[in-house]
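Below are the chains, spelled out letter by letter.
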Amino acid sequence: MKKWRDYSLNLKQRIFKKESLSRYIDKDGRLAKTLSAGDLIALGIGAVIGTGIFILPGTVASLHSGPSIILSFVVAAIICSTAAMCYAEFSSALPIAGSAYSFGNIVFGEVIGWFLGWALILEYMLAVAAVSTGWSAYFNSFVAGFGLNIPKAVSGNFDPTHGTYVNIVAILIVLFISFILSKGVKTSIRINNIIVIVKIAIIFLFLLVGMFYVKPANWHPFFPFGYGGVLKGASLVFFAYLGFDVVSATAAEVKNPRKNMPIGIIGTLLICTVLYILVSIVLTGMASYTKLNVANPVSYALQLVHLNWVAGIISIGALAGMFTMMVTMIYSSSRLIYSIGRDGLLPKFLGEVNPKHHTPNKSMLFVTIIISFMGGFVSLTQLTNLVNIGTLIAFTFISIGIIPLRKRKDIPNDGFKVPFYPYLPIISTLLCILMLTQLSKETWIASIIWFIIGMIIYFTYGIKHSQITKNE
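Per an unreviewed UniProt entry, the chain goes by Amino acid permease and derives from Liquorilactobacillus uvarum DSM 19971. Quoted verbatim from the Subcellular location (unreviewed entry) heading of the UniProt record, the comment on the chain is "Membrane".

As structure tokens, this is what we get:
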């Protein structure tokens with residue numbers, strides 16, 4: 001019995017042992033520091049603003065909020081900003097790769113860090129795979145307008161009963177983005193920045209053209225579903241903001257991270273909030289909210305006022321939106337896998353850095369293979385909600401993690417700090433838990449299975465190969 005108690009005590013001490021910040025900084029020094037605050041904001045906007053901006057304001061307004069969807073986005077942004085500030089403090093104090101995974105290792109210990117890393121793997125890779133299939137559908141529709149048709153057999157996931165075997169476009173777009181990213185951060189970020197500018201320009205085109213067709217009468221009644229509709233809408237559009245957290249994965253490659261990381265994270269949230277609100281104002285002003293429960297509400301509103309040419313350009317904006325989201329998520333996925341490989345919890349070769357391009361090309365290849373397979377062959381319809389639960393779990397731990405972070409005297413932070421400490425981190429934690437309760441039972445069951453698999457991998461492989469006890 002005493003032997004078992006000693007074993008249990010040693011195991012508990014081992015799995016909750018905290019990582020060394022100095023080791024992380026030393027290892028991550030192999031990555032090139034090239035990113036500015038502007039690059040971070042472009043990455044954040046690329047991740048957050050996707051096709052959702054052309055769909056979500058219309059469908060949520062029609063079913064839950066009416067014109068008060070405008071206020072729903074404000075409420076959701078306020079909720080999200082609490083977690084964003086917590087991420088900003090962590091990124092300022094810990095300028096390392098790996099986002100919540102690495103932060104968790106240092107503040108909570110290795111087992112919590114692994115748990116968060118496993119959650120982020122779910123978020124990042126599943127999100128890209130799902131978006132790659134969406135990009136493929138939009139692209140197929142776009143080229144069909146020019147008389148070009150992708151053969152049905154290679155236009156969908158493996159489903160022989162419906163005549164599809166592989167989604168070749170989804171695979172090719174993932175391979176193309178990974179190829180760009182493998183050539184170095186500077187080149188890929190420049191391409192991402194250009195496409196983000198194109199995407200924002202298309203959004204502003206809709207706003208500038210649509211504002212001339214706004215009818216104030218469409219904003220009445222402003223609260224057709226009551227004040228409860230605002231809160232219901234906020235709980236739904238909250239997920240439109242998810243993605244800003246991937247900016248924190250870049251911390252090891254940022255110039256002056258203590259200054260630029262908070263600007264990148266909080267700046268992303270502010271700009272995206274303004275864009276969502278402006279689109280909601282113009283969209284609900286152009287058409288009655290009762291007519292917007294369609295798959296393409298922005299294009300539909302433009303067609304109502306006979307602006308079909310703008311509706312066509314919107315499809316290009318949707319492609320650009322999904323492209324930049326995939327760039328950001330594939331980039332962040334590779335840095336996450338690199339970080340876990342760096343620590344030995346996954347095969348060590350994944351933590352290697354290419355000496356020529358200063359990028360983790362082996363982790364990039366690993367990520368590319370997994371995402372390409374999922375996007376090309378697997379139906380993701382029932383799995384996309386898992387993206388939300390992975391994100392919210394990370395948000396919860398990062399929010400409450402500010403309290404032990406502040407108590408660490410060995411981690412000085414002369415950069416950004418969350419205001420109203422400790423109340424705001426606690427409020428952020430409670431809000432994230434509230435959002436978790438809004439997810440379906442099926443999502444929770446699937447995520448529990450995912451985390452059981454993760455724990456099996458940790459206790460059979462990770463704990464034996466971890467670097468945490470080899471650097472004492």
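Still to come is the rest of the account.
K.L.:
So what's going on with the overall build of the chain? Residues and values would help.
P.N.:
When its secondary structure is counted, the chain shows 17 helices and 0 strands. The C-alpha atoms of the chain give 22 Å as radius of gyration, which agrees with the globular expectation for 472 residues (23 Å, within 12%). Reported as C-alpha extents along the three principal axes, the dimensions of the chain are approximately 75 × 50 × 45 Å. Looking at the chain residue by residue over its 472 residues, the buried ones come to 57%. Counting contacts in the chain only where the partners sit at least 6 residues apart, residues at least 24 apart contribute 84% of the total. Within the chain, the 17 negative side-chain charges are centred at a point lying 2 Å from the centre of the 35 positive side-chain charges.

K.L.:
Kindly report on the packing of aromatic side chains, identifying the contributing residues and their values.
P.N.:
The full count for this structure, using the stated rule, is 21 aromatic pairs. Aromatic pair Phe 158 and Tyr 165: ring centres 6.1 Å apart, planes at 70°, arrangement edge-to-face. On the basis of relative accessibility, which here comes to 48%, the residue Phe 158 falls in the partly exposed class. Of the aromatic side chains, those joined through ring pairs into one cluster are Trp 114, Trp 118, Trp 450, Tyr 458 and Phe 459. Sitting over the face of the ring of Tyr 24, Arg 342 holds its NZ or CZ atom 3.7 Å from the ring centroid.

K.L.:
Talk me through the side chain of Ser 188; I want residue IDs and the actual numbers.
P.N.:
Looking at where Ser 188 falls in the secondary structure, it is placed in helix H9 (residues 185-210). Non-local contacts of Ser 188, meaning those with residues more than four positions away in its chain, are made with Ile 180 and Leu 181.

K.L.:
So what's going on with the state of the cysteines? Which residues, and what values?
P.N.:
According to the stated counting rule, one finds 0 disulfides in the structure shown. Note on Cys 86: no disulfide assigned, nearest cysteine sulfur contributed by Cys 432 at a separation of 8.1 Å. Unpaired in this structure, Cys 272 has its nearest cysteine sulfur neighbour in Cys 80, at a distance of 9.9 Å. Given the relative accessible area of 1%, Cys 272 is considered buried.

K.L.:
Outline the packing of H9 against helix H11 (residues 257-286), supporting the account with residue identities and numerical values.
P.N.:
Where H9 meets H11, the axes come as close as 10 Å, and the angle between the chain directions of the two elements is 35°. In this structure, H9 meets H11 at a crossing whose hand is left-handed. Judged by residue contacts, Ile 203, Phe 204, Phe 206, Leu 207 and Gly 210 of H9 engage Leu 275, Leu 278, Val 279, Val 282, Leu 283 and Met 286 from H11. Its residues placed into classes, the contact of H9 with H11 shows 10 nonpolar, 1 polar and no charged.

K.L.:
For the environment of Thr 328, give the residues involved together with the corresponding values.
P.N.:
Relative to the helices and strands, Thr 328 is located in helix H13 (residues 308-342). When the C-alpha positions of Thr 328 and Ala 249 are compared, they lie 9.9 Å apart, and in sequence the two are 79 residues distant. A polar contact is formed between the side chain of Thr 328 and the backbone oxygen of Leu 43, at a distance of 3.1 Å.

K.L.:
Any details on unusual backbone geometry? Residues and values, ideally.
P.N.:
Cis geometry marks the peptide bond from His 220 to Pro 221; its omega dihedral reads -5°. Along the chain, Pro 221 falls in the loop between H9 and helix H10 (227-237). The peptide bond linking Tyr 421 to Pro 422 adopts the cis configuration, its omega dihedral lying at 0°. Positionally, Pro 422 belongs in the loop between helix H15 (385-407) and helix H16 (423-437).

K.L.:
Kindly report on the packing of helix H6 (residues 100-107) against helix H7 (residues 110-144), identifying the contributing residues and their values.
P.N.:
With their axes 7 Å apart at the nearest point, H6 and H7 run at an angle of 170° to one another. Judged by the inter-axis angle, H6 sits roughly antiparallel to H7. On H7, the residues that touch Ala 100, Tyr 101, Gly 104 and Asn 105 of H6 are Glu 110, Gly 113, Trp 114, Leu 116, Gly 117 and Leu 120. Here the residues of the contact of H6 with H7 are counted per class, giving 5 nonpolar, 4 polar and 1 charged.

K.L.:
Describe the pattern of salt bridges, naming the residues involved and giving the relevant values.
P.N.:
Per the stated rule, a full pass over the model turns up 9 salt bridges. Across the pair Arg 335 and Glu 253 runs a salt bridge whose closest N-O atoms are separated by 3.0 Å. You can see Arg 335 sitting in helix H13 and its partner Glu 253 sitting in the loop between H10 and H11, a full 82 residues away along the chain. Exposure class is identical for Arg 335 and Glu 253. Each is buried. Arg 408 is paired through a salt bridge with Asp 410; the nearest N and O atoms lie 2.9 Å apart.

K.L.:
Outline the environment of His 220, supporting the account with residue identities and numerical values.
P.N.:
With respect to the element layout, His 220 can be found in the loop between H9 and H10. C-alpha of His 220 to C-alpha of Phe 451: the two residues are 231 residues apart in sequence and 47 Å apart in space.

K.L.:
Now, about H11: what can you tell me, with residues and values included?
P.N.:
In an α-helix there are 3.6 residues to a turn, and that puts residues three or four apart on one side. With 30 residues, H11 ought to run about 44 Å at 1.5 Å a step, and its terminal C-alpha atoms sit 43 Å apart, in line with that. The buried fraction of H11 is high, at 21 of 30 residues.

K.L.:
Explain H16 to me, using residue names and the numbers behind them.
P.N.:
With 15 residues, H16 should cover 21 Å at 1.5 Å per step; its first-to-last C-alpha distance of 21 Å lies within 8% of that length. Listing the buried residues of H16 in full gives Leu 424, Pro 425, Ser 428, Thr 429, Cys 432, Met 435 and Leu 436. The buried residues of H16 occupy an angular sector of 145° when projected down its axis, which confines them to one face. Exposed positions of H16 whose direction lies more than 90 degrees from the buried face are Tyr 423, Leu 430 and Thr 437.

K.L.:
Could you give me a rundown of a nonpolar patch on the surface, with the residues and numbers involved?
P.N.:
A surface patch of nonpolar side chains, about 700 Å² in accessible area, is lined by Phe 204, Leu 208, Met 211, Phe 212, Tyr 213, Val 274 and Leu 278. Those elements giving two or more residues to the nonpolar patch turn out to be H9 and H11. Considering the arrangement of structural elements, one finds Leu 278 in helix H11. Taking relative accessible area as the criterion, Leu 278 reaches 32% and is therefore assigned partly exposed.

What counts and what doesn't
- Residues numbered from 1 in each chain as written.
- Predicted model: local features only at pLDDT ≥ 70, side-chain atom pairs only at ≥ 80, totals over all residues.
- Heavy atoms only, no water.
- UniProt positions renumbered as here; feature names shortened; annotations may be inferred.
- Helix = DSSP H or I, 4+ residues; strand = E, 2+ residues; numbered from the N terminus.
- Rg over C-alpha atoms; globule rule 2.2 N^0.38 Å.
- Buried < 20%, exposed > 50% of the residue type's maximum accessible area, 1.4 Å probe, protein only.
- Contact = heavy atoms within 4.5 Å.
- Lys, Arg positive; Asp, Glu negative; His and termini not counted.
- Charge placed at Lys NZ, Arg CZ, Asp CG, Glu CD.
- Phe/Tyr/Trp six-rings, centres within 6.5 Å; stacked < 30°, edge-to-face > 60°.
- Lys NZ or Arg CZ within 6 Å of the ring centre and 35° of its normal.
- Disulfide = S-S within 2.5 Å.
- Axes fitted to C-alpha atoms, helices over the stretch in contact; angles between N-to-C directions.
- Left-handed = near helix turned anticlockwise from the far one by under 90°.
- Nonpolar A, V, L, I, M, F, W, Y, C, P; charged D, E, K, R; others polar.
- Polar contact = N/O pair within 3.5 Å; in protein donor to acceptor, adjacent residues only side chain to side chain.
- Parallel < 35°, antiparallel > 145°, perpendicular 65-115°, else oblique.
- Salt bridge = Lys/Arg side-chain N within 4 Å of Asp/Glu carboxyl O.
- Expected span 1.5 Å × (residues − 1).
- Arc of directions from axis to C-beta.
- Patch = residues over 30% accessible without salt bridge, like charges linked within 9 Å, V, L, I, M, F, W, Y side chains within 5 Å.
- Areas by Shrake-Rupley, 256 points an atom, 1.4 Å probe, with all protein chains shown as cover.

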